[in-house]
Amino acid sequence: MKGVVFYASKYGSTAQCTKWIAETTGLPVFDIKGYISDLSNFDFFVLDNPIIYYKLLNRKWLRKHWSILENKPIILFTVSGAPAGEKLNDWIANSDLPNELISKMKHFALRGRQIPKELTLYDRIMLKIGGLKNPDPIARKEELYGFDYMDNLVLHLFCAL
Ligand SMILES: Cc1cc2nc3c(=O)[nH]c(=O)nc-3n(C[C@H](O)[C@H](O)[C@H](O)COP(=O)(O)O)c2cc1C
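What this report covers is the structure whose coordinates are included nearby. Here the structure is a predicted model, which means the values were calculated and not measured.

### Section: the pairing of strand β1 (residues 3-7)
Next up, step 1: Bridge analysis of β1 against strand β3 (residues 44-52) gives five bridges, and the strand direction is parallel. Of the residues in β3, the one forming a bridge with G3 is F44.
Next up, step 2: Pairing of β1 with strand β2 (residues 29-31) involves three bridges; the strand directions are parallel. The residue bridging F6 from the neighbouring strand is F30, located in β2.

### Concerning the site of the ligand
Next up, step 1: Taken together, 22 residues form the shell around the ligand, and within it K10, S13, T14, P50 and G112 come nearest.
Next up, step 2: Put simply, the parts of the chain that give the shell around the ligand at least two residues each are α1 (13-25), β3, β5 (74-80), β7 (113-114) and α6 (121-133).
Next up, step 3: Class assignment of the residues belonging to the shell around the ligand gives a composition of 11 nonpolar, eight polar and three charged.

### Observations concerning the packing of α1 against helix α8 (residues 150-160)
Next up, step 1: In the contact formed by α1 and α8, the axes pass within 11 Å of each other and the chain directions differ by 35°. Both α1 and α8 take part in a crossing whose hand is right-handed. Packed against α1, whose contacting residues are S13, Q16, C17, W20 and I21, the element α8 presents M150, L153, V154 and L157 at the interface.
Next up, step 2: When its residues are assigned to classes, the contact of α1 with α8 shows seven nonpolar, two polar and no charged.

### Describing the pairing of β3
Next up, step 1: Of all nine residues in β3, seven are buried, a share of seventy percent or more.
Next up, step 2: In terms of strand pairing, β3 meets β5 through six bridges, oriented parallel. Considered in β5, the bridge of V46 is made with I75.
Next up, step 3: Alignment of β3 against strand β4 (residues 55-56), held across two bridges, turns out to be antiparallel. If you follow I51 over to β4, its bridge partner there is L56.
Next up, step 4: What sits between the antiparallel neighbours β3 and β4 is a turn of two residues, in which Y53 has the positive phi angle 50°.

What counts as what
Residues numbered from 1 in each chain as written. Predicted model: local features only at pLDDT ≥ 70, side-chain atom pairs only at ≥ 80, totals over all residues. Pairing = 2+ DSSP bridges. Helix = DSSP H or I, 4+ residues; strand = E, 2+ residues; numbered from the N terminus. Near = placed C-beta within 6 Å. Nonpolar A, V, L, I, M, F, W, Y, C, P; charged D, E, K, R; others polar. Axes fitted to C-alpha atoms, helices over the stretch in contact; angles between N-to-C directions. Left-handed = near helix turned anticlockwise from the far one by under 90°. Contact = placed C-beta atoms within 7 Å. Buried ≥ 20, exposed ≤ 12 C-beta atoms within 10 Å, placed from the backbone.

What follows is the structure, given as structure tokens:
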């Protein structure tokens, strides 16, 4: 069986997570932005993606390659601020993807990192606005001041693998 890891990352934490997946599994790794060859060469897929603004970052890529992916086993790792649960599942469901695709992926939720001073001005402002409007005090604090769950991410990742 020939497997592969495809990832997307905006600020690097998912890329770091993907590196750990690759080191543990020995699978080849590609950034979805740089890969242009035929996906049908692979038998199964590991996808590693952050949640950005309440959606999967790789949703366009998933839609584009759906005709190939629909016949293959897929493991989906998400990296987000929110923990596993209803909110995260809703964001995945609202990423404009076919229901069959969402239900066939085996999903593992991981929590990443958000360092305000590393963000673009636009993202910093949007997250501040989101944080000020967020009724959940923990999520509000994380949106406003950032968070770093990368140590926990390693543990959860190795449990998942
Ligand atoms: C602009 C922006 C939007 C985000 N939106 C969400 C979100 O809607 N829900 C969530 O749980 N986490 C959100 N996060 C947190 C990211 O999922 C988390 O920081 C993740 O580790 C980012 O991965 P990356 O470093 O690979 O880009 C957001 C982070 C940023 C910077």
